[in-house]
Amino acid sequence: MKAVPIAYSLRNLWTRKLTTTLTAGGMALVVFVFAAVLMLDAGLRQALVSTGQPDNIIVTRRSAGSEVQSGVERVQAALVESQPEVAERSKETVVLIAQPKRGGGAVSNVTVRGLSPQGVALRPHVRISAGRMFRPGSTEVITGRSIAERFAGTAIGDRLRFGGRDWLVVGVFDAGGSGFDSEIWGDVDQMMQSFRRQAYSSVIARLPDPAAFDALKRRLEADPRLTVDVKRERQFYEEQSAALSGFISILGLTLSVIFSIGAMIGAMITMYAAVAGRTGEIGALRALGFRRRAILAAFLAEALLLAGLGWIFGLGAASVMQLVHISTMNWQSFGELAFSFTLTPKIVLQSLVFSLVMGLAGGVLPALRAARLRIVDALRAA
C-alpha cells in the first residue's frame, strides 16, 4: 500500500495556523491539568516516602493511624529496645501545636517531635543548615526548613511558647524535601514532661540486617505483653500519604476526563472541517492510486500530530510547576505538610499516551469519513 507522505499532514496543519493553534491549545490545557495532578501526587508521595529510611523500622500502637494517635508504654518501648536485631533506637513523642503563619497570621497545625541524639543519627539525610543542634536535656528546638520559611516565630533566636514552656530556636535543619522539613525537633524527655506524656508515640530502630525484619515483626506482634504494629519506616510513611494521595488522584483524573471530552470534541470539529475543505484533495489522492487505508492513516496522523503539539506545550507548562511549593494538611497526622510538584519520567510517558489517546479519539471519525469518500463524489464536490 502506497502511504501518503507525512509532509502532507504537516503542510495542512501549517496552512490552518489558527485552527491548529486553538485545537492544540485546548489539548495542551488538558495535558497541563493531567500532568500537574500527577506531579502533585508524585511530590506528595516523594515527600513522605523519602522521610523513611530503608533499614529503619517504626513501632507504634496497634491500629494507630499516625504517630500523633499512637502510644507505646515505657515498658513496651524497653522490650522493643532489648530485641537482638535492634542496633540503634530512638524513643520518640509526636504532638501537634497551633502556630501562626507569616504574613496573614493564619493558624495551622505544626508537628513537634521529641527525640534523642540517637534519633537524629537514625536520619542521616537530615543536616543542620543554619545555627546548631539542640542540646539534650534543654528546652532548645530546631525547626525544619519549610517551617522556618512559612511560620512566624520559628527563626533562629526566636522563642516558641507551647507545652507550658518557652522554647528557644537554636537551629534550622534541611531534610532534603522530606516530611521532616515540616516538623520542629527537640529533646524527647523535655517534651514528655511538658506535655505530661506517660507513653511514647513510637520507637524507631535500625536493623543492621534488614532481612531480619520479618522474624522481628512476627515476634513483637505475637508478644502478649505488646499491642504494637511493626512496619518498615518507608512503608509507614507511604501509608501516611494514602488518603490525601487518593483524593488528589480522584479529583484530578475527574477534571482531566471532563476537560478531555471538550478537547476531543474540539479536535473532532477541526478534523471534520479539514475533511470538508479538502474533499477535492482527497479525490485527487484516490485518483493517484492512494487507497482508503492510506487516506485514513494520513488524517489519523494529522490528529496525532495535533495531540503531540498539545502534549509538548502542556507538559512544558506543567514542568514550570516544579518551581511551586505548596502546603496542606496531611489527613493522617492532621499536621501541615509542605511539598512541591515533581515531574518524573513515568509522568512524561503517561501524559504523552493520554494526549495521543485524545488525538486518536477526536480524529478517528473524521478520518473514517475521509477514507469512505468515493473518488467520483470527491472530485465532483471539488
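Residues numbered from 1 in each chain as written. Predicted model: local features only at pLDDT ≥ 70, side-chain atom pairs only at ≥ 80, totals over all residues. Heavy atoms only, no water.

What the protein contains, in helices and strands, is 13 helices and 14 strands. For the protein, buried positions account for 49% of its 382 residues. Taking all contacts inside the protein whose residues are at least 6 apart in sequence as the whole, residues at least 24 apart take part in 80%. Accessible surface, the protein as shown: approximately 17300 Å² in total, 63% of it carbon and sulfur. (Helix = DSSP H or I, 4+ residues; strand = E, 2+ residues; numbered from the N terminus. Buried < 20%, exposed > 50% of the residue type's maximum accessible area, 1.4 Å probe, protein only. Contact = heavy atoms within 4.5 Å. Areas by Shrake-Rupley, 256 points an atom, 1.4 Å probe, with all protein chains shown as cover.)

Moving on: the layout of surface pockets. Looking at the largest pocket, its volume works out to about 270 Å³. For the lining of the largest pocket, the secondary-structure elements that each account for two or more residues are helix H2 (17–49), helix H5 (145–150), strand S13 (325–329) and strand S14 (336–340). Looking at the lining of the largest pocket, the element that brings in the most residues is H5, giving four residues. Looking at the lining of the largest pocket residue by residue, the classes come out as four nonpolar, 10 polar and four charged. (1 Å grid on protein atoms, 1.4 Å probe; cavity = no way out; pocket = protein on both sides within 12 Å on 5 of 7 lines; lining within 4 Å. Points joined across faces, edges and corners; volume = space filled by probe spheres on them. Nonpolar A, V, L, I, M, F, W, Y, C, P; charged D, E, K, R; others polar.)

Moving on, we come to the packing of H2 against helix H8 (residues 233–240). When two helices pack together, their arrangement is captured by the angle between the axes and the distance separating the axes. At their nearest, the axes of H2 and H8 sit 8 Å apart, and the two run at 145° to each other. When the axes of H2 and H8 are compared, the crossing they make is right-handed. Residues Arg45, Leu48 and Val49 of H2 lie in contact with H8, whose contacting residues are Arg234, Tyr237, Glu238 and Gln240. Here the contact of H2 with H8 is built from residues that sort into three nonpolar, one polar and three charged. (Axes fitted to C-alpha atoms, helices over the stretch in contact; angles between N-to-C directions. Left-handed = near helix turned anticlockwise from the far one by under 90°.)

Within the structure shown, the criterion is met by 19 salt bridges. Notably, a salt bridge pairs Glu67 with Arg113, separated by 2.9 Å at the nearest N-O pair. Here Glu67 is found in the loop between strand S1 (56–61) and strand S2 (72–73), whereas its partner Arg113 is found in strand S4 (residues 107–115), with 46 residues between them in sequence. Comparing Glu67 with Arg113 shows no difference in burial state: the two are buried. Measuring nitrogen to oxygen at the nearest pair gives 3.6 Å for the salt bridge that ties Asp174 to Arg127. Of the two residues, Asp174 is situated in strand S8 (residues 165–174) and Arg127 in strand S5 (residues 127–131); the sequence distance between them amounts to 47 residues. One connected set of salt bridges, linked through shared partners, spans Glu67, Glu92, Arg113, Arg123, Glu183 and Glu233. (Salt bridge = Lys/Arg side-chain N within 4 Å of Asp/Glu carboxyl O.)

Moving on, we get to unusual backbone geometry. One non-glycine residue, Ser63, lies in the positive phi region at around 70°. Its place among the elements puts Ser63 in the loop between S1 and S2. Since its relative accessible area comes to 65%, Ser63 is described here as exposed. A positive phi angle, close to 50°, is found at Arg196, a residue other than glycine. Mapped onto the elements of the fold, Arg196 is located in the loop between helix H6 (188–194) and strand S10 (199–200).

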